[in-house]
Amino acid sequence: HRHLLAIEGLEPPYIAGLLDLAESYALLNRSGKTQRDLLRGRTLINLFFEDSTRTRTSFELAGKRLGADVINMSVATSSVSKGETLLDTAATLNAMNCDLLVVRHGQSGAPALLAQKVSAAVINAGDGTHEHPTQALLDALTIRRRKGRLEGLTVAICGDILHSRVARSNIHLLTAMNARVRVVGPPTLIPAEAARLGVEVFHDMRSGLRDADVVMMLRLQRERMAAGLVPSSREFFRFWGLDAEKLAAAKPDAIVMHPGPMNRGVEIDSAIADDPARSVIGEQVEMGVAVRMAVLDVLSRQLLRNA
Ligand code: CP
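Since the model is a prediction, treat every value here as computed from it, not as a measurement.

Draft legend 1. Quick look at the UniProt feature "binding site: carbamoyl phosphate" (unreviewed entry) in the protein chain. Mapped onto this numbering, the UniProt entry annotates "binding site: carbamoyl phosphate" (unreviewed entry) at R54, T55, R104, H132, Q135, G260 and P261. Lining the largest pocket, out of the annotated residues just given, are R54, T55, R104, H132, Q135, G260 and P261. Tracing the sequence through the fold places R104 in strand β3 (residues 100-105). Of the residues examined, R104 reaches a relative accessible area of 7% and is grouped as buried. Within the local environment of R104, its side chain forms a polar contact with the side chain of T55, the two groups lying 3.0 Å apart. Positionally, Q135 belongs in helix α5 (residues 133-147).

Shown next as structure tokens:
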């Protein structure tokens, strides 16, 4: 594959290969060793039209660890504010011989559109409600490290599924790798397409979490909801927020995940988020760097083959 635009459509062996490579980068990162030659002479541009802490920073770190020249474009202070279109902005960056373009955009499909127009390898860093492929890869790597496998595990993805590109990418990845996926949330926040995606739908947390191996909580994406349809934090937490009582329905060794940013006391209780016996949220962030190094590695080798 020349770009990474989505998990949907990726072959299970390709996903497994990326996870294996990311695992080796995770070990290298923990040992403090770096590999500064692979992307020497390559330019990576982070083009984020939506805010980010984890994804942008970890792509920057991943690119630098592999020796790339990394540029973080500040969209707010760019010529986008003067009316330059997405495609003209991308064409401008492409003319500077950018090799790897990491794009986050509020519109689903924006990175795929860019991929048709530029010679750089395009990586989707989250597009609208569509996909966030590197998040699903880092989640899968974290699960695999903790549980030793993906196949046969029961994974409950909870909360605002409707607006979540993280949920969509995880559903595609986990079902491709033969995990059993449940989505758990209020009917208003479960997309109609859920059944088509091969997941089980639950509207009650205790039923949805019963005997789960993995509990993945999602942020309530208020910014994508129409005014008047935003649930109150207190009501949401009462029914859908993860606390010790609801988590007791899952397996005793179930792990708790959250892609971040977290809204404590809305979708997750602080006591659970900070419980080192259950929460793997810090490890997810750590794996984010390793996964992004693996993706940059694979796509840069593909660039060489296409040259
Ligand atoms: N999980 C995630 O995408 O976080 P950021 O929005 O901080 O990048």
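Draft legend 2. Highlighting empty space enclosed by the protein. Taken as a whole and assessed by the stated rule, the structure comprises one cavity of 30 Å³ or more. Considering only enclosed or pocket space, the largest cavity measures out at about 40 Å³ in volume. Around the largest cavity, the lining residues are H3, L4, Y14, L18, V295, V298 and L299. Listing elements by their share of the lining of the largest cavity, those giving two or more residues are α1 (12-30) and α11 (281-306). Among the elements that line the lining of the largest cavity, the one with the most residues is α11, at three residues. For the lining of the largest cavity, the per-class residue count stands at six nonpolar, one polar and no charged.

Rules used throughout
Residues numbered from 1 in each chain as written. Predicted model: local features only at pLDDT ≥ 70, side-chain atom pairs only at ≥ 80, totals over all residues. Heavy atoms only, no water. UniProt positions renumbered as here; feature names shortened; annotations may be inferred. 1 Å grid on protein atoms, 1.4 Å probe; cavity = no way out; pocket = protein on both sides within 12 Å on 5 of 7 lines; lining within 4 Å. Helix = DSSP H or I, 4+ residues; strand = E, 2+ residues; numbered from the N terminus. Buried < 20%, exposed > 50% of the residue type's maximum accessible area, 1.4 Å probe, protein only. Polar contact = N/O pair within 3.5 Å; in protein donor to acceptor, adjacent residues only side chain to side chain. Points joined across faces, edges and corners; volume = space filled by probe spheres on them. Nonpolar A, V, L, I, M, F, W, Y, C, P; charged D, E, K, R; others polar.

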